[in-house]
Amino acid sequence: MHRVVGSFISLVSILAAIMGASQHDAHAVEFGEAPMLAEAVESGKLPPAAERLPRTPMIVTPNDKLGQYGGTWHMAQNSERDHALLIRTIGYEPLLRWTPQWTDTIPNVALSMQPSSDATEFIFRLRPGMRWSDGAPFTAEDIVFWYEDILINPAFDNAIPEWLTTDGDPVRVEKIDENTVGFRFSTPYGLFPTFLARPEGVEPVSYPAHFLKPLLPRYNKDADSQARKLGFEGWKERFLSVFGKPGTIDDPDRWLNPGVPTLNAWVLTGVYGSDNPLVAVRNPYYWKIDPGGRQLPYIDKVSFSLIRSKDEAGDVAILGKVNMQERHIGRRVDEILAANNNLQSFTLIESDMNILTLSLNLNDKDPVLRDIFQNKEFRIALSHAIDRDSIIARFVPGALPHQAAPRPESPLYHTVLARQFITYDPVLAASHLANAGLTEKDDEGFLLRPDGKRLSFTIDTDGAARYEMLAATVDYWRDIGLDVTARDLSRDVFVATRENNDHHASAWGGDGGLDAMVIPINYLPVSSESSWYATGWAQWYANPENPDAVEPPAEVIRQLALYSQLKATADAEKQNKLMRDILDISANQFYVMGIALPPNRKGLVAKNFKNVPKVIPAAWSYATPAPTNPSQYYLESQ
């Protein structure tokens, strides 16, 4: 599905054809700009559009028609750890991006990409004259700064994510000239452009060197003393307070300082989690235009109303305070549409493979629980103990029972992985418990561990809707003698508990339904996102020398080696073959169980909110709805 486009249409030629400019004088074009910027241009506070845009701006073709300037995009945002909404709407500008149809990757921040024949080197040509949101030039120096001072800086622990490594070796990044950088890997990495188009791909272009260098001792000998005068322990703590955690976009602190320049279409004016509404305004230096030569975005502002729950998001939408959103409102769409006739729906093609995945921590710190959890017979018993049909009828009528496996629509659909151990049979579950050596019970009917203690553990999730389904599942486990307690944790606590390996079990969504190769976290312990069920094994794959790493069993090591081979090749047929081999092992290991296959769902859009496709893929790896180019959305005058 994810074919890389190695060459890109000449945007300068399009500019010349549309507006009569020469190929080498794009700034001779009379670019259009938003009326809200006109006064600042006239007063001299802001350069004219032609001087703010790069020499070769990216042309965005509207989904339906050329838009008009003005208006505010309204959304509802959870006040706690909902930075994913920001990433998905105003924070997706990687070097390469997905096409709206999720079929290819195309240049975005990069003007072009040239891979080497052996897929070990990727040369990116940047857009000359491109600027950060504060007007400072964006060049190869910014990417080199990210590489030298952030990614491989030993002061920042764990700043190197797995997707930027091959065989445990981090990428090497070199400046070729002012607008050209090379990414080089120690072994072939054919899957790199695909990973670069995921939301995580914004990392290399998220660090404005001119803004961040004064915070680092390498560039400012007084950085440490200045930090201490401000009340910090040192320069590192001050850097973290300004920017957030390096190495991952999955950190809400990234959105706490609106002063950090970005390349995004809209720039925050407030602090996430405290300002309500949280407002972002158009970036006057945004580097994209429509085919008529008008600078994007069309919409002036984006406003996020802070909420405390998904139900409250529905209430906000009913009141007319949402005019385009797909996140948080799925369960109440029909109710919202019935209550507000200014809204209509669009279809989201679901990519998740499950409404609820259930993961035991196979690297649990409790050695007795760890041995029990690692016994496949125990996991099979838990799966057979669940009456999926009853849960589906109560929570998602019409859905199909499904394990943690790629969706039937996927070419990687795996029948065994999807259907094994799925029947509800408490007697069979008890038989598998006996096979696991668990037969003794206490006076209250709960099973005992081999050490004589009651077999008790907690399983955590986040969110009322998911918790209700989990609680219903846990009741079936208690029926077969397991003292299991479901916990609904705050998002911050939930994530931190998993990062520290302080959990027994987890219940979450099901990434990897259509994009199993891109997000394989539920099929093998390949990254920190696999920490739900194998924290130590995932750390071993990333770095065997990590003190928290745990060497996996031989079959798991074989699976991880296959994935390294998959990453290395750019041949789609070989990738699919290797992924099928990985799924064979996953079926045999049975790491994670599931409840049901999620059906397609709906998003909401106001009738005067235009250029939103009628059908949009729904996936984290796609960053829904960002690849549909929100900068070309517009509000039609009433």
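Keep in mind it's a predicted model, so treat the numbers as computed, not measured.

**Focus: the nonpolar core**
Nonpolar side chains in soluble globular proteins generally cluster together in the buried interior.
Alright, step 1. In terms of nonpolar packing, the biggest core is built from 182 residues, with Phe 124, Phe 183, Phe 378 and Trp 477 touching the most fellow members.
Alright, step 2. Per-element tally for this core: the top contributor is helix 5 (residues 140–151), with 7 residues.
Alright, step 3. When residues no more than four places from it in sequence are discounted, the contact partners of Phe 124 are Leu 95, Leu 96, Ala 110, Ser 112, Met 113, Asn 179, Thr 180, Val 181, Phe 183, Phe 192 and Leu 196.
Alright, step 4. Formed by 6 residues, the second largest nonpolar core is a distinct cluster that contains Ala 49, Ala 50, Ile 59 and Ile 289.

**Considering the sheet that holds strand 15 (residues 301–307)**
Through backbone hydrogen bonds, the strands of a sheet pair up, either in parallel or in antiparallel fashion.
Alright, step 1. With mixed pairing, 4 strands are arranged side by side in an open sheet as 3-15-13-12. Edge positions in the open sheet fall to strand 3 (72–78) and strand 12 (266–268), since each of these has one partner strand only. With strand direction ignored, the average angle separating the axes of adjacent strands in the sheet is 25°.
Alright, step 2. Sitting on the sheet, helix 4 (residues 83–90) is in contact with strand 3, strand 12, strand 13 (278–282) and strand 15, with an inclination near 155° to strand 3.

**Examining the pattern of salt bridges**
Alright, step 1. Enumeration according to the criterion identifies 43 salt bridges in this entry.
Alright, step 2. Residues Asp 250 and Arg 81 are paired through a salt bridge, measuring 3.9 Å at the closest nitrogen-oxygen approach. In this pair, Asp 250 sits in the loop between helix 9 (235–243) and strand 12 while Arg 81 sits in the loop between strand 3 and helix 4, placing the two residues 169 residues apart along the sequence.
Alright, step 3. Given the relative accessible area of 44%, Asp 250 is considered partly exposed.
Alright, step 4. The shortest N-O distance in the salt bridge between Arg 454 and Asp 483 comes to 3.5 Å. You can see Arg 454 sitting in the loop between helix 16 (426–435) and strand 20 (456–461) and its partner Asp 483 sitting in strand 21 (residues 483–488), a full 29 residues away along the chain.
Alright, step 5. Residue Asp 483 is classed as buried on the basis of its relative accessible area, which comes to 14%.
Alright, step 6. Shared partners join several salt bridges into a network, and the residues in it are Asp 442, Glu 444, Arg 454, Arg 478 and Asp 483.

**Section: empty space enclosed by the protein**
Alright, step 1. Overall, the coordinates contain 3 cavities of 30 Å³ or more when judged by the stated rule.
Alright, step 2. Of the pockets and cavities examined, the largest cavity occupies roughly 390 Å³.
Alright, step 3. When residues in the lining of the largest cavity are grouped by element, the largest group, 3 residues, is from strand 12.
Alright, step 4. Broken down by class, the residue content of the lining of the largest cavity amounts to 17 nonpolar, 5 polar and 2 charged.
Alright, step 5. Lining the second largest cavity are 15 residues, and of these Thr 89, Tyr 92, Glu 93, Tyr 286 and Pro 630 sit closest to its centre.
Alright, step 6. Here the lining of the second largest cavity is composed, by residue class, of 7 nonpolar, 5 polar and 3 charged.

**Focus: the environment of Met 517**
Alright, step 1. Within the secondary structure, Met 517 is located in the loop between strand 22 (505–508) and helix 19 (531–542).
Alright, step 2. For Met 517, a relative accessible area of 10% corresponds to the buried category.
Alright, step 3. When the C-alpha positions of Met 517 and Ile 582 are compared, they lie 9.9 Å apart, and in sequence the two are 65 residues distant.
Alright, step 4. Beyond its immediate sequence surroundings of up to four residues, Met 517 is in contact with Leu 191, Phe 195, Leu 412, Tyr 563, Leu 566, Gln 575, Asn 576 and Met 579.

**Some thoughts on the environment of Gln 295**
Alright, step 1. Residue placement: Gln 295 occurs in the loop between strand 14 (288–289) and strand 15.
Alright, step 2. A residue is classified by how much of its surface remains accessible, and Gln 295, at 2% relative accessible area, is buried.
Alright, step 3. Spatially, the C-alpha atoms of Gln 295 and Ala 50 are 9.4 Å apart, while their sequence positions differ by 245 residues.
Alright, step 4. Filtering out sequence-adjacent residues up to four positions away, Gln 295 remains in contact with Gly 32, Glu 33, Leu 37, Arg 52, Leu 53, Tyr 69, Asn 283, Pro 284, Tyr 285, Tyr 286, Lys 288 and Ile 289.

**A closer look at the pairing of strand 10 (residues 172–177)**
Alright, step 1. When strand 10 meets strand 11 (residues 180–184), the two strands line up antiparallel, connected through 5 bridges. Across the sheet, the residue bridging to Glu 174 is Gly 182, located in strand 11.

**Quick notes on the confidence of the model for the chain**
Alright, step 1. Summary statistics for the chain give a mean pLDDT of 92 and a share of 95% for residues scoring 70 or more.
Alright, step 2. Throughout residues 1–28 the model reports pLDDT below 50, and contacts reaching past four residues in sequence, or to other chains, amount to 55 contacts.

**Describing helix 16**
An α-helical turn contains 3.6 residues, so any two residues separated by three or four positions project in the same direction.
Alright, step 1. All buried positions along helix 16 are accounted for by Ala 429, His 432 and Leu 433. End-on view of helix 16: buried residues confined to an arc of 105°, all on one side of the axis. The outward face of helix 16, more than 90 degrees from its buried face, is lined by the exposed residues Val 427 and Asn 435.
Alright, step 2. The inward-facing, buried residues of helix 16 contact helix 13 (376–384).
Alright, step 3. Taken from the residues just after helix 16, Gly 437 is the one with a positive phi, measuring 80°.

**A few points about the packing of aromatic side chains**
Alright, step 1. In the structure shown here, the tally under the stated rule is 33 aromatic pairs.
Alright, step 2. With 5.1 Å between their ring centres and 55° between their planes, Phe 122 and Phe 192 make a pair best called tilted. Residue Phe 122 is found in strand 7 (residues 121–126), and its partner Phe 192 is found in helix 6 (residues 192–196); the two are separated by 70 residues along the sequence. In this pair, the class of Phe 122 matches that of Phe 192, namely buried.
Alright, step 3. Through pairs of rings, three or more aromatic residues link up here, namely Phe 122, Phe 124, Trp 146, Trp 163, Phe 183, Phe 185, Tyr 189, Phe 192 and Phe 195.

Rules used throughout
- Residues numbered from 1 in each chain as written.
- Predicted model: local features only at pLDDT ≥ 70, side-chain atom pairs only at ≥ 80, totals over all residues.
- Heavy atoms only, no water.
- Core = buried A, V, L, I, M, F, W, Y, C linked by side-chain atoms within 4.5 Å.
- Buried < 20%, exposed > 50% of the residue type's maximum accessible area, 1.4 Å probe, protein only.
- Helix = DSSP H or I, 4+ residues; strand = E, 2+ residues; numbered from the N terminus.
- Contact = heavy atoms within 4.5 Å.
- Pairing = 2+ DSSP bridges.
- Axes fitted to C-alpha atoms, helices over the stretch in contact; angles between N-to-C directions.
- Salt bridge = Lys/Arg side-chain N within 4 Å of Asp/Glu carboxyl O.
- 1 Å grid on protein atoms, 1.4 Å probe; cavity = no way out; pocket = protein on both sides within 12 Å on 5 of 7 lines; lining within 4 Å.
- Points joined across faces, edges and corners; volume = space filled by probe spheres on them.
- Nonpolar A, V, L, I, M, F, W, Y, C, P; charged D, E, K, R; others polar.
- pLDDT = per-residue confidence, 0-100.
- Arc of directions from axis to C-beta.
- Phe/Tyr/Trp six-rings, centres within 6.5 Å; stacked < 30°, edge-to-face > 60°.

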